[in-house]
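# A structural walkthrough
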Amino acid sequence: MAHPSQLGFQDAASPVMEELLHFHDHTLMIVFLISTLVLYIIVAMVSTKLTNKYVLDSQEIEIVWTVLPAVILILIALPSLRILYLMDEINDPHLTIKAMGHQWYWSYEYTDYEDLGFDSYMIPTQDLSPGQFRLLETDHRMVVPMESPIRVLVSAEDVLHSWAVPALGIKMDAVPGRLNQTAFITSRPGVYYGQCSEICGANHSFMPIVVEAVPLEHFENWSSLMLEES
Amino acid sequence: MAVEGEEEKTKSFKLLGILDIQNTPCAREAVLHGSAASILVGLGHFLATSRVKRSFDFGVGGFMLTTLGSWFYCRYNNAKLRMQQKLIKDGLKNKVMYEGTSLDPTRKQNSSQGGGS
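If you're wondering where the values come from, they're calculated on a predicted model, not measured in any experiment.

### Side note on the interface of chain B and chain A
Counting residues at the interface gives 26 residues for chain B and 22 residues for chain A. Here chain B and chain A share an interface that buries about 2300 Å² over both sides, 70% of which is from carbon and sulfur atoms. Counting the contacts that link chain B with chain A gives four salt bridges. Linking E147(A) and K89(B) is a salt bridge whose minimum nitrogen-to-oxygen distance equals 3.8 Å. For the pair chain B and chain A, the number of links is four residue pairs in polar contact (both at pLDDT 80 or more). Taken together, the residues of the side of chain B that touches chain A break down into 15 nonpolar, two polar and nine charged.

Here it is, written out as structure tokens:
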């Protein structure tokens, strides 16, 4: 999960997020080299003794500073498009969950087999137990089986929201009257936190998302328990 | 564990404030190769021509090309390794799950070898 003064991404918990991390490293190296070149050119320009100010054209440098940026953009675009299409692959999900945004909480519906639905409210700061995270914990988590493809259908009941879990590399807008689909596979068991990512009113910052990935038998036990409680 | 992880992250060294060479795979290697090439090319050019500014230009050019080349080579090998690790992990999982059943992947291979001989 996120830690204070963090600048980079969280550790990846899904294959797509791993690919995004690697793409980010690739692009950052290109940006670093461009920055180094620009810095060097600035120093060279400031320290030059050349004073010819009447050069009107130069074919060679024009070709260089047209072709080089085009090559750089292609080097960035190809891996980017690869990941874009990877994210859209049809992956035959084992489970479909509906995540509905409300003001100001999320509700989850597991309706593949039984009719299971519950609300997920943020735990207020004064009710937190020691070790829990402020503004991130919820009373009910979205529990999913690990290493299984999961489809999430995101929508909203009132205004725009956005269902985002950075560790899984997911962000999907929740639009009233529209069903948006996203999918993920968790590579390892764990608890992954996210927050609403579309301004939705006074408590927009206080409707977090918690995804808990557990082994299949634990998921079955949890869903039986939740059905009994409801 | 979380505290140790945070300590490792706070110790990260970022070149130009952006590139974390300690935690980014292949970054340290690429920058070191680039720096070595930059020194060699720049020094070599200066020794051959005694032109200081042009030698610096060659040094920077050498740094950029070598860093990029080393980076792509290392990342390509890294990606191949990760693919192989994924295949091995999936293979082990399938072996454990389907051992003794008709879907056992090793059983299929053995039966096809037996049929051929």
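### With respect to unusual backbone geometry
All names here are of chain A. Between Q103 and the following residue, W104, the backbone shows a cis peptide bond with an omega angle of 5°. The residue W104 is located in the loop between β1 (95–102) and β2 (105–110) in this model. For E147, which is not glycine, the phi torsion reads 55° and is therefore positive. By secondary structure assignment, the location of E147 is in the loop between β4 (142–145) and β5 (150–156).

### Quick look at the domain arrangement of chain A
By a widespread convention, an interface's size corresponds to the accessible area lost as its parts come together. Residue and element names in this part refer to chain A. For chain A, the assigned domains read domain 1 (15–88) and domain 2 (95–229). Contacts between the two partners involve four residues from domain 1 and, on the opposite side, six residues from domain 2. Summed over both partners, the interface of domain 1 with domain 2 comes to about 330 Å²; 57% of that surface belongs to carbon and sulfur atoms. Between domain 1 and domain 2 we count zero salt bridges in total. Where domain 1 packs against domain 2, one counts zero residue pairs in polar contact (both at pLDDT 80 or more). Taken together, the residues that form the side of domain 1 that touches domain 2 break down as three nonpolar, no polar and one charged.

### Regarding the sheet that holds strand β8 (residues 180–184) of chain A
By definition, the strands of a sheet pair up through backbone hydrogen bonds, in either a parallel or an antiparallel sense. Residue and element names in this part refer to chain A. The five strands lie next to each other as β3-β2-β1-β5-β8, forming an open sheet whose pairing is mixed. This sheet does not close on itself; its edge strands, each paired only once, are β3 (116–120) and β8. Direction aside, the axes of adjacent strands within the sheet are offset by 25° on average. Strand direction decides the pairing type here: β1 and β2, joined by five bridges, are antiparallel. Counterpart to M100 in the pairing with β2 is S107.

### A closer look at the UniProt feature "transmembrane region" (unreviewed entry) in chain A
Residue and element names in this part refer to chain A. Here the UniProt-annotated "transmembrane region" (unreviewed entry) positions come out as residues 27–51 and 63–85. For residues 27–51, the end-to-end C-alpha separation is 37 Å, with 84% helix and 0% strand making up the annotated structure. Along residues 63–85 the backbone is 100% helical and 0% strand, and the end-to-end C-alpha distance reaches 33 Å.

### Observations regarding the side chain of T138(A)
Residues and elements named next belong to chain A. Locating T138 in the fold gives a position in the loop between β3 and β4. T138 sits in the buried class, given a relative accessible area of 5%. A polar atom in the side chain of T138 sits 3.5 Å from the side chain of S120. For T138, the side chain forms a polar contact with the main-chain oxygen of H140, separated by 3.2 Å.

### Considering helix α3 (residues 52–98) of chain B
Over its 47 residues, α3(B) extends 68 Å from the first C-alpha to the last, a length consistent with the 69 Å expected when each residue adds 1.5 Å. Residues of α3(B) that are buried include every one of S55(B), G59(B), V60(B), G62(B), F63(B), M64(B), T67(B), S70(B), W71(B), C74(B) and R75(B), and no others. Among the structural elements, α1 (15–47) of chain A together with α2 (27–49) of chain B are those in contact with the buried residues of α3(B). At the exit of α3(B) stands G100(B), carrying a positive phi of roughly 85°.

### As for the layout of surface pockets
In this structure, the largest pocket occupies an estimated 1800 Å³ of space. Looking at the largest pocket, it is lined by 48 residues, and the ones nearest its centre are P15(A), V16(A), F184(A), I185(A) and K86(B). Sorting the residues of the lining of the largest pocket by element identifies α1, α2 (59–87), β7 (170–174), β8 and α3 (216–229) of chain A together with α3 of chain B as the ones contributing at least two each. Counting residues per element, the lining of the largest pocket draws most heavily on α3(B), which supplies ten residues. Partitioning the lining of the largest pocket into residue classes produces 23 nonpolar, eleven polar and 14 charged. Two domains each provide a minimum of three residues to the lining of the largest pocket, namely domain 1 (15–88) and domain 2 (95–229) of chain A. The calculated volume of the second largest pocket comes to roughly 1300 Å³. Along its surface, the second largest pocket is lined by 33 residues, and L37(A), Y40(A), I41(A), D57(B) and V60(B) are the ones closest to its centre.

Calculation criteria
Residue indices begin from 1 for each chain and proceed along its sequence in written order. As they are written, the chains are lettered A onward and the ligands numbered 1 onward, keeping that order. Residue-level local features of this predicted model are given only where pLDDT is at least 70; pairs of side-chain atoms are given and counted only at 80 or more, and the full residue set underlies all totals for whole chains, interfaces and linings. To get the side-chain values, take all heavy atoms of the structure and skip hydrogens and water. By definition, residues are in contact when any of their heavy atoms lie within 4.5 Å. By definition, the buried area sums, over both parts, the 1.4 Å-probe accessible area that each loses when the two are put together. What makes a salt bridge here is a side-chain nitrogen of Lys or Arg within 4 Å of a carboxyl oxygen of Asp or Glu, nothing more. For the purposes of these results, a polar contact is taken to be a pair of N or O atoms within 3.5 Å, where, inside protein, one atom must be able to donate a hydrogen and its partner to accept one; residues adjacent in sequence count only when each atom of the pair is a side-chain atom. Charged residues are taken to be Asp, Glu, Lys and Arg, nonpolar residues to be Ala, Val, Leu, Ile, Met, Phe, Trp, Tyr, Cys and Pro, and polar residues to be all remaining types, Gly included. Numbering of helices and strands runs from the N terminus; a helix is a DSSP stretch of H or I covering at least four residues, while a strand is a stretch of E covering at least two. All the domain ranges listed were derived from an automatic or database domain assignment. One bridge is not enough; two strands pair if DSSP finds at least two bridges between them. Note on definitions: angles span 0 to 180 degrees between N-to-C directions of axes, and those axes are lines fitted to C-alpha atoms, for helices only across the stretch in contact. UniProt positions are given in the numbering used here, feature names are shortened, and annotations may be inferred rather than shown by experiment. Working definition: with a 1.4 Å probe on protein chains only, accessible area under 20% of the residue-type maximum means buried, over 50% means exposed, and in between means partly exposed. Expected span of a helix: the number of residues minus one, times 1.5 Å. Cavities and pockets were defined on a 1 Å grid built from protein atoms only: a cavity is a group of points that admits a 1.4 Å probe but offers it no way out, a pocket is an open group of points flanked by protein on both sides within 12 Å along at least five of seven lines, and a lining residue is one with an atom within 4 Å of any such point. Grid points are joined across faces, edges and corners, and a volume is the space filled by probe spheres set on the points.

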